[in-house]
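In case you want the letters, here they are:
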Amino acid sequence: MKATLGTAVLGLSALLGTTAFAQDNTLTINSFGGAYEEAHRACVITPFEAATGAKVNVVTAYSADAFAQLRAQKAAPQFDVIHFSGGQEIVAAAEGLLAPIDKASLTNAADLYDFAKADLANGQGPAYSIAAIGLVFNTEAVPAAPTKWTDLLNPEYGEHLVLTDISNGYGMLSFLMLNQVEGGDLSNIQPGLDAVGKLLDAGAVVVSTSPEIQQEFAQNDAWIAPYASDYAFTLRKAGLPSGFVQGEEGTPASYITANLVAGRPNNELALKFIDLEISAEAQKCFAEALRYSPTNAKTELSPEVAADVAYGEAGVAGLIRFDPATIEAHRTAWVEEWNKAIAR
């Protein structure tokens, strides 16, 4: 990944040092690599290029790396549109790295749920997809399909439960939700840590990455794991019987946002790109390809796809966004406490 990112950055620098493309007809964006970037190209980038005749240069960079680059480039930014999935737009907007967006400049903004466009005027770009965190489960093995987060404490699950380390973003959100249903909040994570201790005593395992979750379901008789909706789809594609359910107490959400970079000369073209990302058509494509939840209320999904995401008014009503700035401020301390709790 580091080698790929380095190559992409060098390629970007070389391109910006030439006049191969007219500045006002070229966009530079980041995408997240792998299957996500494939879907990004199919759902947005290629259609945008075909419709506008513009050239989109893609730098493969996950949120934290992209934010670091944006900060380093403050005096001469190179991205036109930057995508985040960890809430970095909140800090970037506060630091003046992102440009405010007038809702009137986006033809599809009116169709977005309110939460997806709440802070456009402050520089935080619209959320064009949501990674919904709920309960991924083995549809053939569980005694009964889970319906709520407190089901994780069911003694029947015991050694069939998989938790994800909070060094993983989805693991962090899952833990914070468990903490909340156990009576904690962002100022007190001890109830969650106590619950994790009980679950580990009952035989639950902790993994760090998505592939390890798949391994637990495929080889170690895992029944249930709190994780993102798209992963139930990943497991099914691998031939494993899996489903996804939003817990009755609420659904932690990772917002995937498209942000307009400040200080760039081609904001008009960049806004057209963002407008396509928030369209119902593009979001349907993302949902079908990756099982990300749409933020455009006019997105129409088949029952099969809708079952895997937070869909419609009822689905998004339960979304919870734990404050990314608070998470980032406490991340190091929380990880230390978590590591103490799982050291057994």
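Residues numbered from 1 in each chain as written. Predicted model: local features only at pLDDT ≥ 70, side-chain atom pairs only at ≥ 80, totals over all residues. Heavy atoms only, no water.

A. Fine view of the state of the cysteines. In the structure shown here, the tally under the stated rule is 1 disulfide. The residue that forms a disulfide with C43 is C285, at a sulfur-sulfur distance of 2.0 Å. Disulfide C43 to C285: torsion about the S-S bond roughly -75°, handedness left-handed. Note that C43 is positioned in helix α2 (residues 34-52) and C285 in helix α10 (residues 280-290), a separation of 242 residues in sequence. Among the residues examined, C285 registers a relative accessible area of 23% and is labelled partly exposed. (Disulfide = S-S within 2.5 Å. Helix = DSSP H or I, 4+ residues; strand = E, 2+ residues; numbered from the N terminus. Buried < 20%, exposed > 50% of the residue type's maximum accessible area, 1.4 Å probe, protein only.)

B. α2, seen in detail. Its 19 residues give α2 an end-to-end C-alpha distance of 25 Å, which sits within 8% of 27 Å, the value for a rise of 1.5 Å per residue. The sharpest bend along α2 measures roughly 45° and falls at R41. When we look at burial in α2, the residues that qualify are Y36, E37, A39, H40, C43, V44, I45 and F48. In the stretch just after α2, G53 is the one whose phi turns positive, near 75°. (Expected span 1.5 Å × (residues − 1). Bend = angle between axes of the 7 residues up to and from the residue.)

C. Focus on the side chain of N30. Along the polypeptide, N30 turns up in strand β1 (residues 26-31). At 2.6 Å, the side chain of N30 forms a polar contact with the backbone nitrogen of H83. Once you skip the residues sitting within four places of it in the chain, N30 turns out to touch H40, V59, A61, A66, F79, V81, I82 and H83. (Polar contact = N/O pair within 3.5 Å; in protein donor to acceptor, adjacent residues only side chain to side chain. Contact = heavy atoms within 4.5 Å.)

D. Representation of the environment of G86 in the model. Looking at where G86 falls in the secondary structure, it is placed in the loop between β3 (81-84) and α4 (88-94). Owing to a relative accessible area of 41%, G86 belongs among the partly exposed residues under this scheme. Setting aside anything within four residues of it in sequence, one finds G86 in contact with S63, Y255 and P324.

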